[in-house]
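The lines below spell out each chain.
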Amino acid sequence: MRNKYVLIAAGFVIYSCMVLAASAAVNEPLRPAVDTPLDSTKEETIDRMIGLSAAEVFERLKDMEFSLSEEFSARAVHRAFGNRKAEILARAIDALKFSMIPMLRGRVAGRSADLGVARRIFEVFPEEAVPALVGLYGSSDTVTKGNILRVSGRIAGGGIRRLLLAALDDKATCEQEDPEVGGEPLRLCDLAYNQLVLRYRIPKVLRAIGPVYRIEVRDYHIDLMKNLLQTGEIR
C-alpha cells in the first residue's frame, strides 16, 4: 500500500512539472508560421522578390500590403532569404543603429517603418537573430540598445527574455527629446517594460510606458512588473 501511495505522489509531481513546463512554453512567443503557401497572388509577389538584394527586399517590405499583414511579410522573408539569412539579418541590424527621430533638414523623421521590417526579420529567423542581438546589445550605445529592445518583444528564445529582464534595471536614457511629444525621454527600463507586457500579454497592468508619464510613475509600474516576475506570475 505504501508503494502505491509513493507511486501516486511521484506521478503527481511529474504531472505538475509537465503542467508548469507547458504553461511556460505557451507563454513564450513562437516563431511565425511561414511554411504554408498563401494565395496565388501573394505567392507570385514573393516570387518576384526572390533573388533581389537585401536592401531591395527591405525597402519592399515597407509597402502597405506587407505592413498590414505580418503573415505575408513573414512568408516573404522566409522564402526570399531562407538560404541566405546572414544577408537580410545584416540589413536588419543596420536599421537598429539610428535614432527613432533623427533630424532631417530641420524636420523630425520617424524610423518606425524600418524597425517594423527589422522586427519581422528577426522573428522569422530567431535562432540566428538572438545571439546577434544579444551580442550587439552588449557593445552598443543607448540608442541602439533602445532599438534592440523595441524589436525584441515577440522574438522567440530565452536569450531575449534574459535581455529584457536585465534591461528593467537600466535607467539610462535612450531617446532624443521629442519637442512634439514633450515629457521626459524614454529610458531602457521603460522600453523593456513595454516589451515584456507585449511578450507575455500581461493583463491588468499599464499597457505601455510613454513620455507622458512622470519618472516616479514609470518606476512604480516597473516595480510592479518586477514583483510579478519574482512571484512567478509571469513565466
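Residues numbered from 1 in each chain as written. Predicted model: local features only at pLDDT ≥ 70, side-chain atom pairs only at ≥ 80, totals over all residues. Heavy atoms only, no water.

Asks: Looking at this structure, how should I read the overall build of the protein?
Replies: On a plain count of helices and strands, the protein comes out with 12 helices and 2 strands. Element order for the protein, N to C, with α for helix and β for strand: α-α-α-α-α-α-β-β-α-α-α-α-α-α. Sorting the 235 residues of the protein into buried and exposed places 41% on the buried side. Pairs at least 24 apart in sequence give 70% of the contacts found in the protein among residues at least 6 apart. A total accessible area of about 13,000 Å² is found for the protein, and carbon and sulfur atoms account for 58% of it. (Helix = DSSP H or I, 4+ residues; strand = E, 2+ residues; numbered from the N terminus. Buried < 20%, exposed > 50% of the residue type's maximum accessible area, 1.4 Å probe, protein only. Contact = heavy atoms within 4.5 Å. Areas by Shrake-Rupley, 256 points an atom, 1.4 Å probe, with all protein chains shown as cover.)

Asks: Help me out: how do you make sense of the packing of helix α9 (residues 142-150) against helix α11 (residues 188-200) in this one?
Replies: For any two helices packed against each other, one specifies the inter-axial angle together with the distance between the axes. Where α9 contacts α11, the axes come no closer than 9 Å and their chain directions differ by 10°. Classified by the interaxial angle, the pair formed by α9 and α11 is roughly parallel. Of α11, the residues touching α9 (which contributes Thr 142, Lys 145, Gly 146, Leu 149 and Arg 150) are Leu 188, Leu 191, Ala 192 and Gln 195. Class assignment of the residues belonging to the contact of α9 with α11 gives a composition of 4 nonpolar, 3 polar and 2 charged. (Axes fitted to C-alpha atoms, helices over the stretch in contact; angles between N-to-C directions. Parallel < 35°, antiparallel > 145°, perpendicular 65-115°, else oblique. Nonpolar A, V, L, I, M, F, W, Y, C, P; charged D, E, K, R; others polar.)

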